[in-house]
Structure formats: structure tokens, C-alpha cells
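Observations on the three-dimensional arrangement
Below, each chain spelled out in residue letters.
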Amino acid sequence: MYCTRKITNQITWVGGYDRRLGLFENLFPIPRGITYNSYLIMDEKVALLDTVDSSISRQFLENITHTLNGRAVDYLIVNHMEPDHCSNIEDLLIRYPDMKIVGNAKTIDLIKQFYDMDIDNNIIIVKENESISLGEHTLRFYMTPMVHWPEVMMTYEEKEGILFSADAFGSFGALNGNLFNDEIDFNSEWLSDYRRYYGNIVGKYGMQVQNAIKKVANLEVRIICPLHGPVWRTNIEYLLDKYNKWSTYTPEEQSVALFYGSMYGDTENAINILANELAESGIKNIVVHDVSNTHVSTLIEEVFRCSHIVIAAPTYNGSIYPAMFNFLHDMQALNLQNRTVGLMDNGSWAPTANRQILAMIESMKNMEVLQPVVSIRSALKENTREQLMELKDALLHSLQGEE
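Residues numbered from 1 in each chain as written. Predicted model: local features only at pLDDT ≥ 70, side-chain atom pairs only at ≥ 80, totals over all residues. Heavy atoms only, no water.

**Digging into the packing of helix H9 (residues 266-280) against helix H13 (residues 382-399)**
In contact at an axis separation of 10 Å, H9 and H13 are set at 40° when each is read in the N-to-C sense. On the basis of their axis angle, the class for H9 and H13 is oblique. In terms of crossing hand, the pair formed by H9 and H13 is right-handed. Where H9 abuts H13, its residues Ala 270, Ile 273, Leu 274, Glu 277 and Leu 278 lie against Arg 385, Leu 388, Met 389, Leu 391, Lys 392, Leu 395 and Leu 396. For the contact of H9 with H13, a count of residues per class yields nine nonpolar, no polar and three charged. (Axes fitted to C-alpha atoms, helices over the stretch in contact; angles between N-to-C directions. Helix = DSSP H or I, 4+ residues; strand = E, 2+ residues; numbered from the N terminus. Parallel < 35°, antiparallel > 145°, perpendicular 65-115°, else oblique. Left-handed = near helix turned anticlockwise from the far one by under 90°. Contact = heavy atoms within 4.5 Å. Nonpolar A, V, L, I, M, F, W, Y, C, P; charged D, E, K, R; others polar.)

See the structure below:
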């Protein structure tokens, strides 16, 4: 049975929800599931913008069959060729053999890599700023490569000012019927998943996101229709501001995220003391995460949020504690930058983690390392507590903009 919602009179959401999937891309925990968005424009010509993941193909096909009401799909616009958005291309061609597949040259290359089917007579290749008229609606195409695949483009519908933004402006989480941003409590229920989605899926490509934002900046965008998460029809400036911060690696908040690895609790104890002292000094929204039992995608999300981070880990087999190493490696891979960092290591006989952590931090752009760098021998003592308080003072001065 169909399950659809109207975006406007002639544009319908025909996507669906998957609350069974545990890991997005088989990597990222999604306890609230995921939403797959697809949109159908009913005009003199019919255009379908992207498809969905194979896990909800049945729901998707029922949605478009109901909405079409006996008509055929004239154009399939492929903004993004990742399998969670393109898994139904072959099924659609079987149902609608005259359907034209619209994409750029890289899109078509990827279709031929994913599928074994003859599509040469069904292809329309579009370039930057080219358009297709559906009747009252005109679709104009803007290439936005590496947001976050090389073939990605965005489609702008000129009549109603709708930006079909591919994976940009998307989020983890299955919607609960409330499709639009003004139907949900965004800050309390969705902001964390938006940030985690951006940081881990798109975060590496800040420069490319900036290019995409500049490219559509002069368009009159009244609605943003992403491929995951809510449709934005109000307060679009808020969403653009978040994306501008994230894509320039600008912290959202002047606060501190403390990340630790601890084998027997001594490093954790030092971090807890530091967190308490920072809170006593008036710092709000502090977070503390054990890297051994917090998924790295959540750690990355907090780095995107906070201006200051503290890294604390024991030396392990002469190297960095493995879970902390994995976190730092993800920070490198995702191009994290523009943060202020405090360091702490622990070693009973040969503490070398700080030196190796420092090398990883220094490989990132615009990362300021505070002094002192704290080194604990087994457990915190009075002398190392003094170092810890000096690091606390350095964090406070930095948060307050003091030298």
C-alpha cells in the first residue's frame, strides 16, 4: 500500500523508511534507522528524482505507481549513483522502457559499472547549467562533484524554487511521518544526527561543499529536498549556516570534548578531574567519551561541534592505545582542522604516546597544541595533578580568547 506526502501540488515525496538497518554503509550505527527520499514531479512530462535503496523497493514502487495513476515516467534524474539511491534503475526501465535517464557523463559511467543493461538509447547527458522542461516546471542542473562522490549533481526546479540536493543537507534517522523540518523539534531530536552524518559522510570534502554552496547561493531556494532526512521549507538560513560552519571546519561551540582511552581507570580518573575543574570554571556543554566504547562516528561528530579537544591515552605496545589511534586516523582522513588540542598520555615505564599523538595532530591543518603536554606515570600524583591544572588553565585562557 502506498505511503506518500505532497511537497507541493505537483511534487510528491515517494520515498520510505528503513528502521531495520543497523549500520549505514555497514559502518555507522543508526539506531533510529534511515530515510530514503525520492521525489516525483507530475507535469506535461513526468520526472522522478532519484530512487531508493533495494531494502524498500516494494514500498517505493507502490508509491510511484499510485502517484503516477496510470502514467509513465518520462525522465529519471540521477543526482547521485550511490546504491542507496540508485538500486531501482533497472526495475524502472523494465516498467517504463521509454524512460530517459538523465545524468552527467560520470553518472552514466557509474550506471554501466553497477548494471549490465543496454541503456545507450535511454541516456540524456547533461552539463553544467543545462535544463530540461517538463511543461510548467523546468529542471536546471548544477555539478557538485565530491559532495561526496565525483558524479554528484544538484537539480534546481525553477518554478517553485526547489533544490534537490542529493546527499547534501541530509541526515541519519528514519522520519516518523513528519517529513518537513517545521514538523519536528530539530535541535533536540535531529541536530546530532545531522552533524554526525555530515562529519562522517561528507566531512572530508569541505572545500567541495563550499564550492557547491557558492554555486547555488544566487538561486531563490524555497525548499531543500535532500536524499536523506527531513525536507526543509522554513528557516533554510539556519541549515545553510550549519553547513557553512561544518564545511569550513569552524567550531559550532566554544566548548571542550575530552576523549580518553583507559586500561584500568587511571587515565579516565585524570580526565574526570579535568572535566570537573573545567565545569567548576564555568565551561558548559562539556562531553567526555571513552574511545573504547563510543563509536568513532560519534567522536567525529563532537570534534565538529567543539572548539577544543583533549586527547588522553596510554602507551600500548610502544604505540598509541589502539582505539585512540583509530580515532586520530579518522580525524586525519576526514580532514579535521582548526581546533585547539590538549594532550595527555600515561605510561608505567616508557610513555611515548604523546609524541606519536602529537605527530598525528601536527599532520592536520591549523591545530594548536596547548602547553603543558601532560604525562602520567601509572597514576595521577600531586606533581602530575599540578600539570593537569596548568592544562586546565591553558584551556580556559584559550576558550576566553586570551594568550
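Once the structure has been displayed, the description carries forward.
**Examining the pairing of strand E10 (residues 100-103)**
When a strand is regular, its side chains alternate between the sheet's two faces. Note: strand E9 (residues 75-77) against E10, three bridges, orientation parallel. Note that in E10 the partner of Leu 76 across the bridge is Ile 101. Bridging between E10 and strand E11 (residues 123-125) involves three bridges; their strand directions are parallel. Bridged to Ile 101 within E11 is Ile 123. (Pairing = 2+ DSSP bridges.)

**Considerations on the UniProt feature "domain: Flavodoxin-like" (unreviewed entry) in the protein**
UniProt's entry tags residues 256-396 with the feature "domain: Flavodoxin-like" (unreviewed entry), counted in the numbering of this structure. The span residues 256-396 shows a helical share of 44% and a strand share of 26%, and its end C-alpha atoms are spaced 10 Å apart. (UniProt positions renumbered as here; feature names shortened; annotations may be inferred.)

**Quick notes on unusual backbone geometry**
In this chain, Val 147 is followed by His 148 through a cis amide linkage whose omega measures 10°. For His 148, the location among the structural elements is in the loop between strand E13 (138-143) and strand E14 (153-157). Backbone torsion omega between Gln 371 and Pro 372 reads 5°, so that peptide bond is classified as cis. With respect to the helices and strands, Pro 372 occurs in the loop between strand E22 (367-369) and strand E23 (374-376). For Phe 169, which is not glycine, the phi torsion reads 65° and is therefore positive. Relative to the helices and strands, Phe 169 is located in the loop between strand E15 (162-164) and helix H5 (186-189). Residue classification places Phe 169 among the buried positions, given a relative accessible area of 3%. (Buried < 20%, exposed > 50% of the residue type's maximum accessible area, 1.4 Å probe, protein only.)

**Points about the pattern of salt bridges**
Inspection of the entire model under this criterion finds 19 salt bridges. Ionic pairing is found between Lys 215 and Glu 128, a salt bridge with its closest N-O pair at 3.3 Å. Of this pair, Lys 215 sits in helix H7 (residues 206-216) while Glu 128 is found in the loop between E11 and strand E12 (131-133), placing the two residues 87 residues apart along the sequence. Of the residues examined, Lys 215 reaches a relative accessible area of 32% and is grouped as partly exposed. Linking Asp 393 and Lys 392 is a salt bridge whose minimum nitrogen-to-oxygen distance equals 3.2 Å. The class of Lys 392 is buried, set by a relative accessible area of 12%. Overlapping salt bridges bring together Arg 5, Asp 182, Glu 183 and Arg 233 as one network. (Salt bridge = Lys/Arg side-chain N within 4 Å of Asp/Glu carboxyl O.)

**Notes on the packing of helix H11 (residues 322-333) against helix H12 (residues 353-362)**
At a minimum axis separation of 10 Å, H11 and H12 run at an interaxial angle of 15°. When the axis of H11 is compared with that of H12, the two are roughly parallel. Crossing handedness for the pair H11 and H12: left-handed. In this structure, H11 contributes Phe 325, Leu 328, His 329 and Gln 332 to the contact, and H12 contributes Ile 357, Met 360 and Ile 361.

**Description of the side chain of Asp 18**
Its location among the elements puts Asp 18 in strand E3 (residues 16-18). A polar side-chain atom of Asp 18 sits 3.2 Å from the main-chain amide nitrogen of Leu 21. A distance of 3.1 Å separates polar atoms of two side chains, one belonging to Asp 18 and the other to Ser 55. Among all residues touching Asp 18, those that are not within four sequence positions of it are Gly 33, Ile 34, Tyr 36, Ser 55 and Ile 56. (Polar contact = N/O pair within 3.5 Å; in protein donor to acceptor, adjacent residues only side chain to side chain.)

**Focus: the sheet that holds strand E16 (residues 223-225)**
The strand order across the open sheet built from five strands is E12-E13-E14-E15-E16, with neighbouring strands paired in mixed fashion. With one partner strand each, in any of the chains shown, E12 and E16 form the two edges of the open sheet. Looking at each pair of strands side by side, their axes are set apart by 20° on average, direction ignored. Pairing of E14 with E15, which is carried by three bridges, proceeds in the antiparallel orientation.

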